[in-house]
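Summary of the model geometry
Chain by chain, the residues:
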Amino acid sequence: MYQFEYHKPSSLADSIELFNKLEFPKYLAGGMTLIPAMKQKLSSPTDLIDLQNIDELKGINKSKDNTIIVGAFSSHNEIANSLLIKNNIKGLSYLASKIADNAVRNSGTIGGSICNADPAADYPAALLSLEATINTNNRSIPAKDFFIDMFETKLESHEIVTSITFPIKSKSFYLKFSSQASKYAIVGMFACIVNDQLSVSVTGAANKVFHLEEVNNLSLNKALTYDYDKINLEKMNINSDIHASSKYRVSLIKNMLPKLIENIF
Amino acid sequence: MSDKIILNININNKEIKLNVEPRTLLIDILRNNLNLTGTHIGCDTSQCGSCMVLLENKCVKSCSILVAQCDNKSIKTIESIGKENNLSNVQKAFKNNHGLQCGFCTPGFIMSAIECKNNKLSSEDEVREFLDGNFCRCTGYQNIVKSITSFLKMP
């Protein structure tokens, strides 16, 4: 590993102050992507600012306005095992339980994952479908505006995601066809019901997560009998890579939809 | 050269003070400085799980975490699990079920087995899914799964 400096501030203000005065710093959450990337010099910050001592980033709570607020430093296993999430947004806890492997889920965090904005990461599908809000140290960003492109988000470089606000959705599900080696999504789809209408988002298939517009305004009854074969994904720029061709991904999306929708209940 | 940092870590129930460069990985300290060479480096890219240790009683791959991240926390390695002449239950289960061949990956599997038990898993399917992050390149997993499910039935 190359040399760098390490800092462990205990407040958000100190973290941001540090970030602004250092040469090329990066915030460190669970480190499950960043540390392996640094070992291979795919990323080479001069300084790491470890956020583990910042209490404002922790905890999973239900708010008065019937939303679940998940602290950015919550690990995937904390989200998978949280009774609050299991009872209120079961699709989200199921999604978290299918990320990578157990050791990664013990350390990796939801905040780190969404800030990294890997196009094959799982959470973006849930955030977009559930219409979650990403809260940072100085503003709130709706999920639909947060993800811009591959590894690119709306965040300013010094900005820190503090929590994610999820509306409670009693019916939701996540279905993923993953790379057997990495467990990253080749296609991952999250579905929930908003105002009696279906809301489906797809991750892993394009440069960023997207809403599956054609099925999004269907009532559940109509969705169950919909002809998914006629969905047109030409405008979505579906990716081809070593894991799957775009044609294969399109076929996955169409063929996974019936199972996804049947499992929402 | 980066400034060294001072850390206090409880490793195998011993309070240890370390003076390390920030770039030091947990696995490097364990193997190179503390002579705890039971934890192995397999892939060094956080895939294989040979370097699995318990951090605050939860599995982490020690090749993918900085020792600085473990300050004021507790680490358990394979050396704390049993002795050659006084095997722990999990080691007995692996021995009785032929749960290893070359043994290189075994310390990692043992640490995962311990978290399996802490998490109160019981079925073979749950164990198989749990072991996703541990690779074995010789026994083909059948006897490892048998070893762990038999360990889970022990008191």
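With that settled, consider the overall build of chain B. Per the secondary structure count, chain B includes five helices and five strands. Helices and strands in chain B line up, N terminus first, as β-β-α-β-β-β-α-α-α-α. In summary, chain B has a C-alpha radius of gyration of 16 Å against a globular reference of 15 Å for 155 residues, a match within 12%. Principal-axis analysis of the C-alpha atoms places the extent of chain B at approximately 50 × 30 × 25 Å. Within chain B, buried positions represent 53% of all 155 residues. The long-range share in chain B, meaning contacts at least 24 apart out of those at least 6 apart in sequence, stands at 56%. Carbon and sulfur atoms form 46% of the exposed surface of chain B, whose accessible area is close to 7,500 Å². One way to put it: in chain B the 18 positive side-chain charges average out to a point 6 Å from where the 15 negative ones average out.

Residue and element names in this part refer to chain A. A sheet is described by the order of its strands in space; here five strands give the open sequence β4-β5-β10-β6-β7, paired in antiparallel fashion. A single partner strand is all that each edge strand has here, and the edge strands are β4 (60–62) and β7 (140–142). In this sheet, adjacent strand axes meet at a mean angle of 20° when their direction is disregarded. Looking at chain direction, strand β5 (residues 67–71) and strand β10 (residues 161–167) are connected through five bridges and run antiparallel.

Residue and element names in this part refer to chain B. For chain B, the domain assignment lists domain 1 (5–78) and domain 2 (89–153). A separation of 21 Å is found between the C-alpha centroids of domain 1 and domain 2. Taken together, the contact pairs 18 residues of domain 1 with 16 residues of domain 2. Across the interface of domain 1 and domain 2, roughly 1,300 Å² is buried in total on both sides, 60% from carbon and sulfur atoms. Counting the surface domain 1 buries against domain 2, the share from its top three residues, His40, Met52 and Ile78, is 35%. Inspection of the domain 1/domain 2 interface yields zero salt bridges.

We now examine the pairing of strand β3 (residues 52–55) of chain B. Residues and elements named next belong to chain B. Taking every second residue as pointing to the same face, both faces of β3 are buried, with Met52 and Leu54 on one and Val53 and Leu55 on the other. Where β3 folds back onto strand β4 (residues 58–61) in an antiparallel hairpin, the turn is made up of two residues, including Glu56, whose phi is positive at roughly 50°. Note: β3 against strand β5 (residues 74–76), two bridges, orientation antiparallel. The residue bridging Leu55 from the neighbouring strand is Ile75, located in β5.

Attention now goes to the packing of aromatic side chains. Here the structure, examined in full by the defined rule, presents eight aromatic pairs over all chains. Their ring planes at 65° and their centres at 5.7 Å tell us that Tyr2 of chain A and Phe4 of chain A sit as a pair that is edge-to-face. Comparing Tyr2 of chain A with Phe4 of chain A shows no difference in burial state: the two are buried. Its guanidinium or amino end placed over the ring of Phe151 of chain B, Lys117 of chain B lies 4.7 Å from that ring's centre, counting from NZ or CZ.

The next thing to look at is the nonpolar core. Ranked by size, the top nonpolar core spans 39 residues in total, and within it Ile79, Ile114, Tyr123, Leu127, Ile164 and Phe166 of chain A carry the most contacts. Of all the secondary structure elements, the ones that give two or more residues to this core are β5, α3 (76–81), α5 (90–97), α7 (110–116), α8 (123–129), α9 (143–146), β10 and β12 (185–194) of chain A. Residue contributions to this core peak at five residues, all from α8 of chain A. Setting aside its immediate chain neighbours within four residues, Tyr123 of chain A contacts His76, Ile79, Leu92, Leu95, Ala96, Ile99, Ile110, Ser113 and Ile114 of chain A. Ranked by size, the runner-up nonpolar core spans 32 residues in total, among them Tyr2 of chain A together with Ile5, Val20 and Leu36 of chain B.

Contacts between chain B and chain A engage 30 residues on the former and 28 residues on the latter. Carbon and sulfur atoms supply 47% of the area buried between chain B and chain A, which totals about 2,200 Å² over both sides. Of all residues in chain B, Arg23, Gln69 and Asp132 of chain B give up the largest surface area on contact with chain A, accounting jointly for 26% of the area buried on that side. Counting across the chain B and chain A interface gives four salt bridges. Taking the shortest distance from any N to any O, the salt bridge between Glu129 of chain B and Lys98 of chain A comes out at 2.6 Å. Counting the contacts that link chain B with chain A gives 13 residue pairs in polar contact (both at pLDDT 80 or more). Residue assignment for the side of chain B that touches chain A shows that the elements contributing at least two residues are β4 and α4 (124–130) of chain B. Examining the composition of the side of chain B that touches chain A, we find that four residues originate from one element, β4 of chain B, more than from any other.

Per the domain assignment, the segments making up chain A are domain 1 (1–52) and domain 2 (172–262). For domain 1 of chain A versus domain 2 of chain A, the separation of C-alpha centres amounts to 35 Å.

What counts, and at which threshold
Residues numbered from 1 in each chain as written. Chains lettered and ligands numbered in written order. Predicted model: local features only at pLDDT ≥ 70, side-chain atom pairs only at ≥ 80, totals over all residues. Heavy atoms only, no water. Helix = DSSP H or I, 4+ residues; strand = E, 2+ residues; numbered from the N terminus. Rg over C-alpha atoms; globule rule 2.2 N^0.38 Å. Buried < 20%, exposed > 50% of the residue type's maximum accessible area, 1.4 Å probe, protein only. Contact = heavy atoms within 4.5 Å. Areas by Shrake-Rupley, 256 points an atom, 1.4 Å probe, with all protein chains shown as cover. Lys, Arg positive; Asp, Glu negative; His and termini not counted. Charge placed at Lys NZ, Arg CZ, Asp CG, Glu CD. Pairing = 2+ DSSP bridges. Axes fitted to C-alpha atoms, helices over the stretch in contact; angles between N-to-C directions. Domains from an automatic or database assignment. Buried area = accessible area lost by both parts, 1.4 Å probe. Salt bridge = Lys/Arg side-chain N within 4 Å of Asp/Glu carboxyl O. Phe/Tyr/Trp six-rings, centres within 6.5 Å; stacked < 30°, edge-to-face > 60°. Lys NZ or Arg CZ within 6 Å of the ring centre and 35° of its normal. Core = buried A, V, L, I, M, F, W, Y, C linked by side-chain atoms within 4.5 Å. Polar contact = N/O pair within 3.5 Å; in protein donor to acceptor, adjacent residues only side chain to side chain.

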